[in-house]
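Now for the letters of each chain:
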Amino acid sequence: MASPMKGLASNPDRYVQSFRIFLANSTEHQCMREFMERQLPGVIASIGNGKSTINILSVGGGAGEIDLLILSKVQARYPGVTINNDVIEPSADQISKYKERVAGTSNLENVKFTWHKETAYEYESRMNAEKKSKKWDFIHMIQMLYYVKDIPAMIRYFHSLLETQAKLLIIVVSETSGWESLWRKFASFLPSEGVCTYISSADIKRILDAAGLKYQVHELPSHMDITSCFIEENKDGELLLDFLTEICDFSKTAPPELKQQVIEQLRKPECSEQRDGKVLFSNNLSVIVIEP
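- Looking at an unreviewed UniProt entry, the protein carries the name HNMT methyltransferase, with the source organism given as Baryphthengus martii.
- Quoted verbatim from the Subunit (unreviewed entry) field of the UniProt record, the comment on the protein reads "Monomer."

Structure (structure tokens):
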């Protein structure tokens, strides 16, 4: 009998709802912002040397919050230089929010934005069909490789688009995070209709090592308050469970035994710690910076 469980990405509205609850309950963006403030200037120190224009490609740019922070650091390092910022993003809702954010941000006069409403795979197919292979000075793929079927091929393709002093920056969940143990234990019980690949930094490093690529890894400690997941019928808790399992309406569609096992796993020390009456899930991230 077919499982009633459906991948979260198959319901874009539910996905966006659960993603917003995830951001509200986690330090995801705070730890990324800290990295962009402290360490990104070193990463981008030579990407625009001697250039009058810097080309940046954002793969899965979402609503643009982190993108604009990246752009501010590039502007600070290369004042007055023209920046072409192309964004690949399949969600019309996210692009609309990105455009609103740009409209409300000052000091973007030297940045030209181009949005492509398509997936990374669609972008690659279109470029190949048009026989184009534009080179980029900085490409970033932040928390998007879970939605790619052939990750080695995707990394290979975008790496091939790097200029000689460019960098490819990838952010995924760390192998030290609760995601790694949760997914390793339950991935085989969850439907895999091509909507989400359960990966961590360990998988990405294996891919890069196999391809002989040079890279550095920066670890970002992060957590998510999942206390509401243990309260029956709690709406935020149900959305967080959806996000954790990548299953739409997990609480209502998962077999009771599987739901019970997931709930128990979430409390275990390899996933979470209990602090001040809260259950804090380990949401550690890895930033992987790849050389041309």
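## Re the UniProt feature "binding site: substrate" (unreviewed entry) in the protein
At step 1: As recorded in UniProt, the feature "binding site: substrate" (unreviewed entry) lies at E28 and N283. A maximum C-alpha distance of 7.3 Å is found for the annotated residues, which run over 256 residues; spatially they form one tight group.
At step 2: Classification of E28 by relative accessible area gives buried; the value is 3%.
At step 3: Each residue touching E28, except ones within four places of it in the same chain, is listed here: F22, L23, Q143, S222, N283 and L285.

## Side note on helix α1 (residues 12-25)
At step 1: Its 14 residues give α1 an end-to-end C-alpha distance of 20 Å, which sits within 8% of 20 Å, the value for a rise of 1.5 Å per residue.
At step 2: Every buried residue belonging to α1 is among R14, Y15, V16, S18, I21 and F22, and all of these are buried.
At step 3: Packing partners of the buried residues in α1 comprise α2 (28-38), α5 (92-103), α8 (178-186), β8 (223-225), α10 (235-245) and β9 (247-248).

## A look at the layout of surface pockets
At step 1: Computed from the structure, the second largest pocket encloses a volume of approximately 200 Å³.
At step 2: Lining the second largest pocket are 16 residues, and of these C229, E232, S251, K259 and I263 lie nearest its centre.
At step 3: Contributions of two or more residues to the lining of the second largest pocket are made by α10, α11 (250-253) and α12 (256-267).
At step 4: It is α12 that provides the largest number of residues to the lining of the second largest pocket, a total of four residues.
At step 5: Across the lining of the second largest pocket, the residue classes break down as six nonpolar, five polar and five charged.

## Re the sheet that holds β8
At step 1: Sheet architecture is open: three strands sit in the order β8-β11-β10, paired in antiparallel fashion. Two strands lie at the open edges of the sheet, namely β8 and β10 (272-275), each paired on one side alone. Geometrically, the sheet is characterised by an average inter-axis angle of 30° between neighbouring strands, direction not taken into account.
At step 2: Pairing of β8 with strand β11 (residues 278-282) involves three bridges; the strand directions are antiparallel. Paired with D225 across the two strands is L280, which belongs to β11.

## Brief notes about the pairing of strand β3 (residues 82-88)
At step 1: Of all the seven residues making up β3, six are buried; the element is thus mostly covered by neighbouring parts of the structure.
At step 2: As paired strands, strand β2 (residues 53-59) and β3 are joined by seven bridges and run parallel to one another. Bridged to S58 within β3 is V87.
At step 3: For the crossover that starts at β2, traverses helix α4 (residues 65-77) and ends in the parallel β3, the hand is right-handed.
At step 4: Sheet analysis places β3 next to strand β4 (residues 111-116), joined by six bridges and oriented parallel.

## Some points on the pattern of salt bridges
At step 1: Under the criterion given, the structure shown has 18 salt bridges.
At step 2: The partner of R14 in a salt bridge is D249, with the nearest N and O atoms 3.2 Å apart. In this pair, R14 sits in helix α1 while D249 sits in the loop between β9 and α11, placing the two residues 235 residues apart along the sequence.
At step 3: Look at R14 and you get buried, because its relative accessible area is 15%.
At step 4: A salt bridge links R126 to E130; the nearest nitrogen and oxygen atoms lie 3.7 Å apart.
At step 5: Judged by its relative accessible area of 36%, E130 falls in the partly exposed class.
At step 6: If you follow the salt bridges from partner to partner, you end up with R14, D242 and D249 in one network.

What counts as what
Residues numbered from 1 in each chain as written. Predicted model: local features only at pLDDT ≥ 70, side-chain atom pairs only at ≥ 80, totals over all residues. Heavy atoms only, no water. UniProt positions renumbered as here; feature names shortened; annotations may be inferred. Buried < 20%, exposed > 50% of the residue type's maximum accessible area, 1.4 Å probe, protein only. Contact = heavy atoms within 4.5 Å. Helix = DSSP H or I, 4+ residues; strand = E, 2+ residues; numbered from the N terminus. Expected span 1.5 Å × (residues − 1). 1 Å grid on protein atoms, 1.4 Å probe; cavity = no way out; pocket = protein on both sides within 12 Å on 5 of 7 lines; lining within 4 Å. Points joined across faces, edges and corners; volume = space filled by probe spheres on them. Nonpolar A, V, L, I, M, F, W, Y, C, P; charged D, E, K, R; others polar. Pairing = 2+ DSSP bridges. Axes fitted to C-alpha atoms, helices over the stretch in contact; angles between N-to-C directions. Right-handed = clockwise from strand over helix to strand, strands pointing away. Salt bridge = Lys/Arg side-chain N within 4 Å of Asp/Glu carboxyl O.

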